[in-house]
Amino acid sequence: MVFRKLPGVSASGMGLRLSQKFVFLIFLSGLVTLCFGALFFLPDSVRLKRIFLSKTETQPVTVGSGSGSENDAREHLKRPKEQDHPRAMTSTKGDTSTKLKSLSRKPAVSREATEERLAGGRAQEDLTLSRSKTESATVPDSDANWDTFSYDKFRRCLLKPPLGRDGGRPSDPKTTERRDKVKEMMKFAWDNYKRYAWGKNELRPLTRNGHIGNIGASIIDSLDTLYIMGLMDEYNDAKQWVQSSLDLNSNGEASLFEVNIRYVGGLLSAYYLTGEELFKTKAVELGEKLLPAFNTPTGIPRGVINLGSGTSWSWGWASAGSSILAEFGTLHLEFVHLTELSSNPIYTEKVMNIRKLLNKIEKPHGLYPNFLSPVSGNWVQHHVSIGGLGDSFYEYLIKSYLMSDKTDDDAKMMYYSALEAIEANLVQKSPGGLTYMAEWRGGILDHKMGHLACFSGGMIGIGADDGAPEKRQHYLDLAAEITHTCHESYTRSATKLGPEAFRFDSGAEATATRLSDRYYILRPEVIESYMYMWRLTHDPKYREWGWEAVEALEEHCRVESGFSGIRDVYTMTVSHDNMQQSFFLSETLKYLYLLFSDDDLLPLEDWVFNTEAHPLPIIRKNKHENPPAN
């Protein structure tokens, strides 16, 4: 008996005096309290903790600074299993859309999608993964009467009509012919998607069937592209599908990042371009379903969410359950517009909390590592990349400033401080004179640049005019140099298409030295920089480079029933990967179309493009109200 070991208890019985009983009860209650309280100090992943504690996490709390734990010896990001092709999905761009533009970008996307966009890995093979759930969270109550946005007022704040004169059609016959060719490519890709994969996320053009997933990624991603190209029958088919078939209550796991940039971004863009209330309603409804992912101790959202239940968790491959910079850093544009449309400040509050935390914590050499704990708010390891896992975070800083009508001084300060650190630590010049962005692992440079990082030419270009006066020309020159390097990665391949990653070591110059980096999955980032640099400089070489890409796509990626990525850009005997990515329709073809259009088609004075190339308007708060821009 336990009682026999207590002082004052006889061996022959339980004769306790009243005072002894009182002392014993105090001791026993203290012991129980201590054991239960210890549960709160268990690691976040401990199963026992979930049994006793509410599955709804607390709202954001103040987080102290610190660099967190790190492991500089190895990279924790794992590529998904290779299946029938040498591709794996990532960001943002993040080693990402997150441009994590390193997942192959997919919305309600699976791990492979996010890994590819984030990691610059292979294109995903399955948008719906098996998952391990963590905590569920509740969505804040929304007020159905918050609808105060006026579409007419918005249109009067535009400086120019969105579609320009005659739809932005150029006067030059040669450029017009090239633009018409891009439009034909879009119609061909769309028609085959509709014929063989309608409602699925993507088309498999070789087997003529749909990619797993019934949430129409290619439809949402194509809405604005079809509209600006004047493909109105196709646009109306897409709109009808959104109205009748888009299911926002799926219980499958989805990437927060991908759902935001593809679906929320695509619906927002379609609404602003057309005024169709359907798109606004769906965008706000979907935005509300993303809010539970932010219910963490820091307010840094977890990367995966079940849209039906609100359960959220971190990617299994992310180091120590961390969130990814390019994923949680690529929400600002869309969430600010969700507040604009709904008059609900919760969306802006969520993304401003992320920015507040990032401003508070220590940054090694001024750089932002790619992995952050949503529990502690500290960096998990010091891996920095302007490609996968990091990319679109930086893009959204300068674009937040531009989208605010240049009033978001905090975003401006963060962007130019980050750019200064990037120049000091990552920008390198090869022996052959090529400027590139290396990756940084705890102070050690990896002389590799991913295709995803090639968006940075355009990013640095659009931010050049708002930098310090003495650095504006420098930034424009830097943007041109990076874009030139990315063009070289195309011209040095047999197919004239660029590899997933290229290196600058052991004698290599802008070429892939590993078999696993030789694939091309219809990515847009190089063409994106061509488009921006054309608009900023009107140097005809950017249109010529764009046309080279069109010819290469037609020769090597066009198949009988759509477009497909290829496994090796260095061989003329191409092997196709059987995937027509949705971002090919949303980004690659849209940027080509804009490259061969007049600048008044979606003019940069009025629009910014999210990391999936969905145009969002600059928010002017009626400050420059003009006659309606028709």
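Residues numbered from 1 in each chain as written. Predicted model: local features only at pLDDT ≥ 70, side-chain atom pairs only at ≥ 80, totals over all residues. Heavy atoms only, no water.

As annotated in an unreviewed UniProt entry, the protein is alpha-1,2-Mannosidase from Echeneis naucrates. In its Pathway (unreviewed entry) section, the UniProt record describing the protein reads: "Protein modification; protein glycosylation." As stated in UniProt under Subcellular location (unreviewed entry), the record for the protein gives "Endomembrane system". (UniProt positions renumbered as here; feature names shortened; annotations may be inferred.)

Visitor: Help me understand the pattern of salt bridges in this model?
Guide: Once the charged atoms of two side chains with opposite charge are near each other, the side chains can pair. Tallied over the entire structure, the rule returns 36 salt bridges. Across the pair Arg208 and Glu560 runs a salt bridge whose closest N-O atoms are separated by 2.9 Å. With Arg208 in the loop between β1 (203–204) and β2 (209–210) and Glu560 in the loop between β16 (558–559) and β17 (562–563), this pair connects stretches of sequence that are 352 residues apart. With a relative accessible area of 36%, Arg208 lands in the partly exposed category. Between Arg620 and Asp405 there is a salt bridge, with its nearest N and O atoms 3.9 Å apart. With Arg620 in the segment after β19 (615–617) and Asp405 in the loop between α13 (391–403) and α14 (409–425), this residue pair connects regions lying 215 residues apart in the sequence. When its relative accessible area of 5% is taken as the criterion, Arg620 is described as buried. Each of Glu439, Arg441, Asp446, Lys448, Arg503 and Asp505 takes part in one network of salt bridges that share partners. (Salt bridge = Lys/Arg side-chain N within 4 Å of Asp/Glu carboxyl O. Helix = DSSP H or I, 4+ residues; strand = E, 2+ residues; numbered from the N terminus. Buried < 20%, exposed > 50% of the residue type's maximum accessible area, 1.4 Å probe, protein only.)

Visitor: Whenever I open this one, unusual backbone geometry confuses me. Can you help?
Guide: Glycine aside, negative phi is the norm for most residues, and most peptide bonds take the trans geometry. With phi around 55°, Ala320 is a residue other than glycine that occupies positive phi space. Checked against the element boundaries, Ala320 lands in the loop between β5 (312–313) and β6 (323–324).

Visitor: Would you mind showing me how to read the packing of helix α5 (residues 173–197) against helix α6 (residues 217–228) here?
Guide: The description of two helices packed together rests on the angle between their axes and the distance between the axes. α6 packs onto α5 with a crossing angle of 150° between their chain directions and a minimal axis gap of 12 Å. Here α5 lies roughly antiparallel to α6, going by the angle between them. When the axes of α5 and α6 are compared, the crossing they make is left-handed. Here α5 contributes Met186, Trp190 and Tyr193 to the contact with α6, which in turn contributes Ser218, Ile219, Ser222, Thr225 and Leu226. (Axes fitted to C-alpha atoms, helices over the stretch in contact; angles between N-to-C directions. Parallel < 35°, antiparallel > 145°, perpendicular 65-115°, else oblique. Left-handed = near helix turned anticlockwise from the far one by under 90°. Contact = heavy atoms within 4.5 Å.)

Visitor: Sorry, what's going on with the sheet that holds strand β13 (residues 444–446) here?
Guide: Two strands in a sheet stick together by hydrogen bonds in their backbones, pointing the same way (parallel) or opposite ways (antiparallel). The strand order across the open sheet built from three strands is β9-β12-β13, with neighbouring strands paired in antiparallel fashion. The open sheet is flanked by β9 (383–384) and β13, the only strands paired with a single partner. As paired elements, β9 and strand β12 (residues 439–441) share two bridges and run antiparallel to each other. If you follow Val384 over to β12, its bridge partner there is Trp440. (Pairing = 2+ DSSP bridges.)

Visitor: Explain α13 to me, please; I cannot follow it from the model alone.
Guide: Counting along an α-helix, one turn takes 3.6 residues, and residues three or four places apart therefore face a common direction. In this model α13 runs 18 Å from its N-terminal to its C-terminal C-alpha over 13 residues, within 8% of the 18 Å that 1.5 Å per residue would give. With respect to burial, α13 is a largely interior element, 13 of its 13 residues being buried. Positive backbone phi, approximately 65°, marks Asp405, located one or two places after α13. (Expected span 1.5 Å × (residues − 1).)

Visitor: In this structure, what is going on with the UniProt feature "active site" (unreviewed entry) in the protein? I would like to understand it.
Guide: The UniProt record annotates "active site" (unreviewed entry) at Glu258, Asp391, Glu500 and Glu525. Within the element layout of this structure, Glu258 appears in helix α8 (residues 256–274). Assessed through its relative accessible area of 0%, Glu258 is described here as buried. For Glu525, the position within the fold is in helix α17 (residues 525–537). Among the polar contacts listed, one links the side chain of Glu525 to the side chain of His451, at a separation of 3.0 Å. (Polar contact = N/O pair within 3.5 Å; in protein donor to acceptor, adjacent residues only side chain to side chain.)

Visitor: It is not clear to me how the sheet that holds strand β4 (residues 304–306) should be interpreted in this structure. Could you clarify?
Guide: Pairing is antiparallel in the open sheet, where three strands are placed in the order β3-β4-β5. Of all the strands in the sheet, just β3 (253–255) and β5 have a single pairing partner and so form its edges. Sheet topology places β4 next to β5; two bridges connect them, and they run antiparallel. Residue Val304 lies in a different strand from β5, and its bridge partner there is Trp313.

Visitor: When you look at the state of the cysteines in this model, what are you seeing that I'm missing?
Guide: Disulfide: a covalent bond connecting the sulfur atoms of a pair of cysteines. Using the criterion set out here, one finds one disulfide in the structure. Here Cys454 engages in a disulfide with Cys486; their sulfurs sit 2.1 Å apart. One disulfide, between Cys454 and Cys486, carries an S-S torsion of -95° and so falls in the left-handed class. Highlighted residues: Cys454 in the loop between β14 (448–450) and α15 (456–462) and Cys486 in helix α16 (residues 472–491), separated in sequence by 32 residues. The same class applies to Cys454 and to Cys486, which are both buried. (Disulfide = S-S within 2.5 Å.)

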